[in-house]
Amino acid sequence: MEALILEGTPKTPHVHFDAATGRLELKGRSIPENSIDYYKPLITWVDRYAREPRPSTVLHIQLEYFNTSSSKCILDLFKKLEIVRTAGNEVVVNWHYEEDDEDMLEAGEDYQAIINIPFKMIQIEEVDGH
Amino acid sequence: MLDRIYDLYDELEQRRVMLSFKGDLSEELVSALLGLVERKMSILEPDARMRKRVFNVAMECLQNLYHHNTRLELADAEGSATNIPHGVVMIMHHDKGYSVLTGNFVADKDVHLLKDHLDRINAMAPEELRGFYQQTLANGRYTNSGGGGLGIIDIARKSGQKLEYGFVPFDTENAFFSLNVNVTN
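Nothing here was measured: the structure is a model prediction, and the numbers come from that model. (Residues numbered from 1 in each chain as written. Chains lettered and ligands numbered in written order. Predicted model: local features only at pLDDT ≥ 70, side-chain atom pairs only at ≥ 80, totals over all residues. Heavy atoms only, no water.)

### Remarks on the sheet that holds strand β1 (residues 17-24) of chain B
All names here are of chain B. Pairing is antiparallel across the open sheet formed by 5 strands, whose spatial order is β1-β2-β3-β5-β4. The sheet is open, and its two edges are formed by β1 and β4 (164-169), each paired on a single side. Sheet twist, expressed as the mean angle between neighbouring strand axes with direction ignored, is 10 degrees. The sheet strands contacting helix α3 (residues 48-67) are β2 (86-94), β3 (97-107) and β5 (174-184), and the helix crosses β3 at an angle near 10 degrees. (Pairing = 2+ DSSP bridges. Helix = DSSP H or I, 4+ residues; strand = E, 2+ residues; numbered from the N terminus. Axes fitted to C-alpha atoms, helices over the stretch in contact; angles between N-to-C directions. Contact = heavy atoms within 4.5 Å.)

In structure tokens form, the structure reads like this:
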């Protein structure tokens, strides 16, 4: 299965989903006006991956901003991975947030509260150079 | 009108308006406005958390303007909605923080639902609001704009204050909806 690689833009995240290693990355910003269209190929990819997953999958989320229309789509990604986990595979979400960005930490905890996948909260230094 | 230009400029200056726009919105314009918000905030605001909150609120408010443009055209016999997003947005800087103000048309028939949603959110304490967000996120439903009704809840969480809003009758089918979101420390 081919990796899904999408370059990041000012409104959409950098995506690197690698079926060979089970490492899935979503980085940057997710603030498109039409999130459902944007996420369609990502969800399709994870759906296919879920049929033949690696024994261990790690989803790295490192978002600076995401809008509420992306949040439902991100939840859909988690739900696909929840199925992978229920099937007996290891799945972990590494949720990165910038130091002092309590809102992003809370956003991760909000997902944690409704999704049955272990989350690891990882604090990182501010990336935008202010 | 010519003599009003300076007055307009002066008022914007006095009220410390850092951004103001009125008109039709496109995806490109929303991007440009957000770029402007981000640049201005990086100059004005030393606190990273405040910068992000203002950007977040502006982003959701613009998203709302972009998606909720249900003004019914009276010229159209069937009363169909116009499909060009239209509205006004203003961001003001004040001593305690920032205010993001938006205005757009809402069909009269939708006013009741929107008002109930806002009142419900305004009545909630921060932890209740968080629970409501999680519950709305988890219900798995999508709305036309994709957010499934999360937008205003998120705006209220980032603001941390009651949302100020108003409806002004516009014509027989529509009202003008104004929203003021304060973001303070």
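### Section: helix α3 (residues 102-114) of chain A
Between its terminal C-alpha atoms α3(A) stretches 19 Å, which fits the 18 Å expected from 13 residues at 1.5 Å a residue. Where α3(A) is concerned, the buried positions are Asp103(A), Met104(A), Leu105(A), Ala107(A), Gly108(A), Asp110(A) and Tyr111(A). (Expected span 1.5 Å × (residues − 1). Buried < 20%, exposed > 50% of the residue type's maximum accessible area, 1.4 Å probe, protein only.)

### Considerations on the layout of surface pockets
Here the second largest pocket defines a volume of roughly 570 Å³. Lining the second largest pocket are 34 residues, and of these Asp103(A), Glu106(A), Asp154(B), Arg157(B) and Lys158(B) sit closest to its centre. When residues in the lining of the second largest pocket are grouped by element, the largest group, 6 residues, is from α3(A). Classifying every residue of the lining of the second largest pocket by side-chain character gives 12 nonpolar, 7 polar and 15 charged. (1 Å grid on protein atoms, 1.4 Å probe; cavity = no way out; pocket = protein on both sides within 12 Å on 5 of 7 lines; lining within 4 Å. Points joined across faces, edges and corners; volume = space filled by probe spheres on them. Nonpolar A, V, L, I, M, F, W, Y, C, P; charged D, E, K, R; others polar.)

### Looking at the packing of helix α2 (residues 68-86) of chain A against helix α5 (residues 126-138) of chain B
It is at 10 Å that the axes of α2(A) and α5(B) come closest, and there the two elements cross at 65 degrees. As for how α2(A) packs across α5(B), the hand of that crossing is right-handed. Contact residues: Ser71(A), Lys72(A), Leu75(A) and Lys79(A) in α2(A); Tyr133(B), Thr136(B), Leu137(B) and Ala138(B) in α5(B). Grouping the amino acids of the contact of α2(A) with α5(B) by side-chain chemistry returns 4 nonpolar, 2 polar and 2 charged. (Left-handed = near helix turned anticlockwise from the far one by under 90°.)

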